[in-house]
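Here's the letter readout for the chains.
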Amino acid sequence: MAPPATNLLHSHDLAEPSAPGVRYEKRPATTPAGKTVPGLYNAWIWLDNQAQYNSYTTDMVKSVILAFRAASNARDVSSVVFTGAGDKAFCTGGNTKEYAEYYAGRPQEYRQYMRLFNDMVSAILACDKPVIARVNGMRIGGGQEIGMACDFSVAQDLARFGQAGPKHGSAPIGGATDFLPVVIGAERAMAACVLCEPFSAHKAYWMGMLTDVVPALKVDGKFVANPMVETQRMTDDYGRFVYGDFKTGEAQKAGKEALGRGKVDLSLLDAKVEELCAKILLTFPDCTTKTVEELRKPKLEAWNRNKEDARAWLALNMMTEARAGFIAFNEGPKDDREVDFVLLRQRLAAGDSWVGPLHDSIQPKAKKGA
């Protein structure tokens, strides 16, 4: 039986999360047998900016901070689920439209924004409840970073993962360079952060980035593994790991055909998240919190050591490469959103200054006119 309610409890919330693009709700907790538990809940925090692949604006970042604070303070909350709306994206990072149109060329403003971003990551890492990332779609760039700040990650297997920094004018120092070496090792982290090549949910799973992965595609009424990804063998003829690699050639063509015939269904993802929440429910709450805090330490130590230096560098970078990269992504055609990297390196090698025509000459529209 639940203890009697009291009206003498203090509120420790700073404010209610209320910005458009972020939803906060409490869902009734259930046991592993599926029985609803009266008076106990799981807090769900949603990024809901589907038109821009759940990228976070400045106001959304502030609301996420408040939402995690509220979930952490809630006495009746057992676990926190952090996710995105729809089935296309968990989060693709910062809102590049806002970056290009407001922050580009304004380092002082971006420095203040990065204070908020750092506080968002810290709010996840300091939550008094276990945090589960429900990866409903792409987890890219800053979205990958806030996802890795969570304690558990469960993904639907059509999701893609990866960084975007050096390809779009930034460095992945909002958590990726801190968390990835801890989670997947230094060599894989180097490849992920520098090359910015996306990888599949199955690849993320075997590398140790995910607690679990579930199918999300139904073809002819039956769930099937992502048909665009190799899931039936571990190695190729030379002994190299191929599990989770994206298919090529005829296999890719067949995968696209199956994808076109299928329908995305996230019911297994929701069931797996609820299953994990139910398992957490059947533990001592303070012992669980302490265990989670201890296991967060490798990520926290790296994060706290680097976050302020990262904030300063990222702000100054808004005058040069970030300005060029975000404008290219925001204004370039859909099939060409990157600057001319070769020309940029040639111009810099020749001693050209960023103050002048260099920025315009490397934009996608300049490449089209060449």
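For the structure itself, consult the block above.
Below: a short report on this structure.

## Topic: the pairing of strand 7 (residues 152–156)
Consideration 1: Counting buried positions over the 5 residues of strand 7 gives 4, a clear majority of the element.
Consideration 2: Summarising the sheet, strand 5 (residues 131–135) and strand 7 pair through 4 bridges and their orientation is parallel. Within strand 7, the position partnered with I132 by the bridge is F152.
Consideration 3: The pairing of strand 7 with strand 10 (residues 212–214) spans 3 bridges and is classified as parallel. Looking at the pairing, Q156 lines up with V214 of strand 10.

## Let's talk about the layout of surface pockets
Consideration 1: Taken as a whole, the largest pocket holds about 1400 Å³ of empty space.
Consideration 2: Along the walls of the largest pocket sit 42 residues, with T92, I140, A164, H168 and F329 positioned nearest its centre.
Consideration 3: Listed by contribution, the elements that provide at least two residues to the lining of the largest pocket are helix 2 (96–103), helix 3 (107–125), strand 6 (138–140), helix 4 (142–148) and helix 11 (321–331).
Consideration 4: Here the residues of the lining of the largest pocket sort into 18 nonpolar, 15 polar and 9 charged.

## Brief notes about unusual backbone geometry
Trans is the common state for peptide bonds, and a negative phi is the common state for residues other than glycine.
Consideration 1: For N54, which is not a glycine, the phi torsion comes out positive at approximately 55°.
Consideration 2: Along the polypeptide, N54 turns up in the loop between strand 2 (36–47) and helix 1 (58–73).
Consideration 3: Residue N54 is classed as buried on the basis of its relative accessible area, which comes to 1%.
Consideration 4: Positive phi values are uncommon outside glycine, yet D220 reaches one of about 55°.
Consideration 5: Turning to its location among the elements, D220 is positioned in the loop between strand 11 (217–219) and strand 12 (222–224).

## Overview of the nonpolar core
Consideration 1: Membership of the largest hydrophobic core comes to 62 residues, with the highest contact counts inside it found for Y56, F68, V80, F82, I146, F161 and L180.
Consideration 2: No other element matches helix 3, which puts 9 residues into this core.
Consideration 3: Listed in part, the 13 residues of the second largest apolar core include V81, L269, V273 and L276.

## Description of the sheet that holds strand 10
Note: strands within a sheet are paired through backbone hydrogen bonds, in either parallel or antiparallel orientation.
Consideration 1: Spatial strand order, 1-2-3-5-7-10: 6 strands in an open sheet with mixed pairing. With one partner strand each, in any of the chains shown, strand 1 (22–30) and strand 10 form the two edges of the open sheet. Strand after strand, the sheet turns through a mean of 25° between neighbouring axes, direction not considered.
Consideration 2: Of the strand pairs in this sheet, strand 1 and strand 2 are connected by 8 bridges, and their pairing is antiparallel. Looking at the pairing, V22 lines up with L47 of strand 2.

## Looking at the sheet that holds strand 9 (residues 199–200)
Consideration 1: With mixed pairing, 4 strands are arranged side by side in an open sheet as 4-6-8-9. Sheet topology places strand 4 (89–91) and strand 9 at the edges, where each strand pairs with a single neighbour.
Consideration 2: Pairing of strand 8 (residues 160–162) with strand 9 involves 2 bridges; the strand directions are antiparallel. Of the residues in strand 9, the one forming a bridge with R160 is S200.

Definitions and limits used
- Residues numbered from 1 in each chain as written.
- Predicted model: local features only at pLDDT ≥ 70, side-chain atom pairs only at ≥ 80, totals over all residues.
- Heavy atoms only, no water.
- Buried < 20%, exposed > 50% of the residue type's maximum accessible area, 1.4 Å probe, protein only.
- Helix = DSSP H or I, 4+ residues; strand = E, 2+ residues; numbered from the N terminus.
- Pairing = 2+ DSSP bridges.
- 1 Å grid on protein atoms, 1.4 Å probe; cavity = no way out; pocket = protein on both sides within 12 Å on 5 of 7 lines; lining within 4 Å.
- Points joined across faces, edges and corners; volume = space filled by probe spheres on them.
- Nonpolar A, V, L, I, M, F, W, Y, C, P; charged D, E, K, R; others polar.
- Core = buried A, V, L, I, M, F, W, Y, C linked by side-chain atoms within 4.5 Å.
- Axes fitted to C-alpha atoms, helices over the stretch in contact; angles between N-to-C directions.

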